[in-house]
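Listed below, chain by chain, are the residues.
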Amino acid sequence: MIAAPRHGSITRVALAIAWRGLHTYVRRPDLFIPSLIFPLVFFASFAGGLSALGSVPGFHFPAGYTAFQFVFILCQSAMFSGLFTGFTLAFDFESGFARRLMLAAEDRRGIALGYALVALSRAAITLTVVSTVALLAGMRITGDGVDLIGLYGLAALLVLIGYGWAAGVAFRFRSIQAGPLMQTPVFLILFLAPVYVPLTLLKGWIHGVATVNPATAFLDAGRGLISGAHDHTALAFICAIGLILLFGLWLLSGLRRAEAEA
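Residues numbered from 1 in each chain as written. Predicted model: local features only at pLDDT ≥ 70, side-chain atom pairs only at ≥ 80, totals over all residues. Heavy atoms only, no water.

Trainee: When you look at the nonpolar core in this model, what are you seeing that I'm missing?
Mentor: Note that soluble globular proteins tend to have their nonpolar side chains buried in a common cluster. Judged by nonpolar contacts, the single largest core of 73 residues is most densely connected at I111, F171, M182 and F218. Sorting elements by how many residues they give to this core places helix α3 (residues 65-95) first, with 17 residues. The residues contacting I111, other than those within four sequence positions of it, are V13, I17, L101, M102, A105, Y163 and F171. (Core = buried A, V, L, I, M, F, W, Y, C linked by side-chain atoms within 4.5 Å. Buried < 20%, exposed > 50% of the residue type's maximum accessible area, 1.4 Å probe, protein only. Helix = DSSP H or I, 4+ residues; strand = E, 2+ residues; numbered from the N terminus. Contact = heavy atoms within 4.5 Å.)

Trainee: Before we go on, may I ask you to explain the pattern of salt bridges in this structure?
Mentor: Once their charged atoms are close, side chains differing in charge can pair, the charge on each being opposite to the other. Counted under the stated rule, the structure contains four salt bridges. A salt bridge links R108 to E259; the shortest N-O distance between them is 3.7 Å. Taken together, the positions of R108 in the loop between α4 (97-104) and α5 (109-136) and E259 in helix α10 (residues 233-261) put the pair 151 residues apart, joining distant regions of the chain. Under the relative-accessibility criterion, E259 is labelled partly exposed at 23%. Salt bridges sharing partners connect three or more residues here, namely R108, R256 and E259. (Salt bridge = Lys/Arg side-chain N within 4 Å of Asp/Glu carboxyl O.)

Trainee: Would you explain the packing of α3 against helix α6 (residues 145-173) in this entry?
Mentor: When two helices pack together, you describe them by how their axes are tilted relative to each other and by the distance separating the axes. α6 packs onto α3 with a crossing angle of 30° between their chain directions and a minimal axis gap of 7 Å. Considering the angle they form, α3 stands roughly parallel to α6. Read as a crossing pair, α3 and α6 show a hand that is right-handed. Each of F70, L74, C75, A78, M79, G82, L83, T85, G86, L89, A90 and F93 in α3 lies in contact with α6, whose residues at this interface are L151, Y152, A155, L158, V159, I161, G162, Y163, A166, A167, A170 and F171. (Axes fitted to C-alpha atoms, helices over the stretch in contact; angles between N-to-C directions. Parallel < 35°, antiparallel > 145°, perpendicular 65-115°, else oblique. Left-handed = near helix turned anticlockwise from the far one by under 90°.)

Trainee: Help me understand a nonpolar patch on the surface, please; the structure alone is not making it clear to me.
Mentor: A grouping of I33, I37 and V41 is seen on the molecular surface, where their side chains present a nonpolar patch of about 250 Å² in accessible area. Structurally, I37 can be placed in helix α2 (residues 29-48). (Patch = residues over 30% accessible without salt bridge, like charges linked within 9 Å, V, L, I, M, F, W, Y side chains within 5 Å. Areas by Shrake-Rupley, 256 points an atom, 1.4 Å probe, with all protein chains shown as cover.)

Listed below in structure tokens is the structure:
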């Protein structure tokens, strides 16, 4: 007898997990509300409280300081949507749900894919709300429609980067106690980039670190796309795809370890 292809099993498992994850997310205020409040507080603090930085000598950004900071909030929210989905996966292991999934799923790659869909769905909700608030606050966009597609496409890749790293940790440790290991590298890569001013205005060791930090390429590309003055766009997408492949291998090796210990 010829075995049936397993891609159908992967799809069924992934869609079931995605539906359960999104349903749980929107029905639980303790998950839904903080994921929206967190980026909005950062946006108000950075774009509002630090807006005077937009007039320092050497700062030139066509769309204004609000748009400059919005791109950072967009990138941060995207990566944290993936990161927090890794937290959810770890919690599901602690509660026993993910372990039951490991036993029930014919092809366990569907589990990894399902949580990736959860991360993208969460990000879509968060980024829609944050973008709407930014526009209501008077943010200017000087890029065109194609640029905006590129901006949100880059954000989607950043979701997968954050998820790939966090899920790899979650599959290895299967405990929410691994949370600091998930979030610390993401915090470092984001805040050791040119968050408040362009790279050219950074001085000292932070300039050296930011120069080789891939998050700098993400921010430069996003800011170029929102303003219509492209900067490191190709580099950012190449870095993002490379990190997705790297963390995809990290995730799958973690899944194999979880299978072996299940």
